[in-house]
Amino acid sequence: MNKTSKKENLEREAFYEFSVGIRITHWIRAIAIVVLIVSGFYIAYVFVSPVITSEPTNFMNAKWRATHQIAGFVLIGCFLFKTYLFFFDRQSHLERISFKDALNFSILRDQLKYYLLLSPKHPHLKGVYNPLQLFSYIMFYIALFVIVLTGLVLYAHVYHEGLGGLLYTPMRVVEHWCGGLANVRIIHHIAMWVIIVFVCTHVYMAIYNAVRGKDGTIDTIVSGYKFNRKS
Ligand code: HEM
């Protein structure tokens, strides 16, 4: 590659992809998920024990569970707000038209070629997500929905006042669909593992695309801007 073509290849134009609402919910959700995974592992298998004091009880388990529940409701808030943004935010139309890209077979084919290193060029997209990315995000949202629903069933069993009391009757129905409380726990766990696999893949792909595409992929979720090749 000579100097001129190298320079042309590096020419970029800034493109506004993600609104501030999308970016903020992304990072709050990321923090909530990390807190939920750590505290969830503790609830499932108590891996630390409290310092022995003269106090009759130090509520360590209750504090871990409270942390889990607070982060859980933060996650629910983000989930609801993000769903609202997806349908009603003007900037989110770029997310919505990703579904059109997903139905275009040539984009899927070119995307596969790019990931299999058979082509150096990323296909041109109308939306913000490529078809494979969109599919993994749909799976993630399904796992999120399942973990929220089963989380609320567990919540209604450990807290009976206020919202817990209000949710008790409808959540008993969900518990019945799952085949009992033991199954609810198992489903909550399985959804957690789906989320863990998603998060690892998501971080890997973000770094991979940033390094290979040199278009500021990671920047999009910080500043909102992507830097697309001009040619
Ligand atoms: C990424 C999201 C989440 C992860 C990774 C996660 C993980 C876990 C895990 C591993 C457990 C232990 C289950 C057991 O063995 O008994 C648990 C329990 C629980 N989770 Fe979640 N969870 C998440 C979201 C939520 C949400 C949204 C809520 C709703 C408030 C919630 C409420 C609960 C409750 C109430 C328990 C039972 C606490 C207890 O038994 O004392 N979780 N979670």
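Thresholds, definitions, all that
- Residues numbered from 1 in each chain as written.
- Predicted model: local features only at pLDDT ≥ 70, side-chain atom pairs only at ≥ 80, totals over all residues.
- Heavy atoms only, no water.
- Near = heavy atom within 4 Å.
- Polar contact = N/O pair within 3.5 Å; in protein donor to acceptor, adjacent residues only side chain to side chain.
- Helix = DSSP H or I, 4+ residues; strand = E, 2+ residues; numbered from the N terminus.
- Nonpolar A, V, L, I, M, F, W, Y, C, P; charged D, E, K, R; others polar.
- Salt bridge = Lys/Arg side-chain N within 4 Å of Asp/Glu carboxyl O.
- Buried < 20%, exposed > 50% of the residue type's maximum accessible area, 1.4 Å probe, protein only.
- Phe/Tyr/Trp six-rings, centres within 6.5 Å; stacked < 30°, edge-to-face > 60°.

Chemist: Describe the site of the ligand, with residues and values.
Modeler: Taken together, the neighbourhood of the ligand is formed by 21 residues, with R65, H68, R185, H188 and H189 sitting nearest. One of the side-chain nitrogen or oxygen atoms of H188 is found 2.8 Å away from a nitrogen atom of the ligand. Of all the secondary structure elements, the ones that give two or more residues to the shell around the ligand are α2 (20-44), α3 (60-88), α7 (131-158) and α9 (181-213). Considering every element that reaches the shell around the ligand, the biggest residue donor is α3, with six residues. Residue composition of the shell around the ligand, grouped by class: 12 nonpolar, seven polar and two charged.

Chemist: Any details on the pattern of salt bridges? Residues and values, ideally.
Modeler: Across all of its chains, the model carries four salt bridges by this definition. Salt-bridge contacts for E95 lead to K82; the nearest nitrogen and oxygen are separated by 3.0 Å. Placement of the pair is E95 in helix α4 (residues 93-96) and K82 in helix α3, with a sequence separation of 13 residues. For the pair formed by E95 and K82, the shared burial category is buried. Across the salt bridge formed by D110 and R109, the nearest N and O atoms sit 3.2 Å from each other.

Chemist: Requested: an account of the environment of T67, with residues and values cited.
Modeler: Turning to its location among the elements, T67 is positioned in helix α3. For the pair T67 and V148, spaced 81 residues apart in the sequence, the C-alpha separation amounts to 15 Å. Separated by 2.7 Å, the side chain of T67 and the backbone oxygen of K63 make a polar contact.

Chemist: So what's going on with the packing of aromatic side chains? Residues and values would help.
Modeler: Using the criterion set out here, one finds 21 aromatic pairs in the structure. Measuring from ring centre to ring centre gives 5.3 Å for Y84 and F88, while their planes differ by 40 degrees; the resulting arrangement is tilted. Residue Y84 and its partner F88 are located together in helix α3, separated by four residues, close to a single helical turn. Ring pairs connect the aromatic residues F18, F79, Y129, Y137, F140, Y141 and F198, which therefore count as one cluster.

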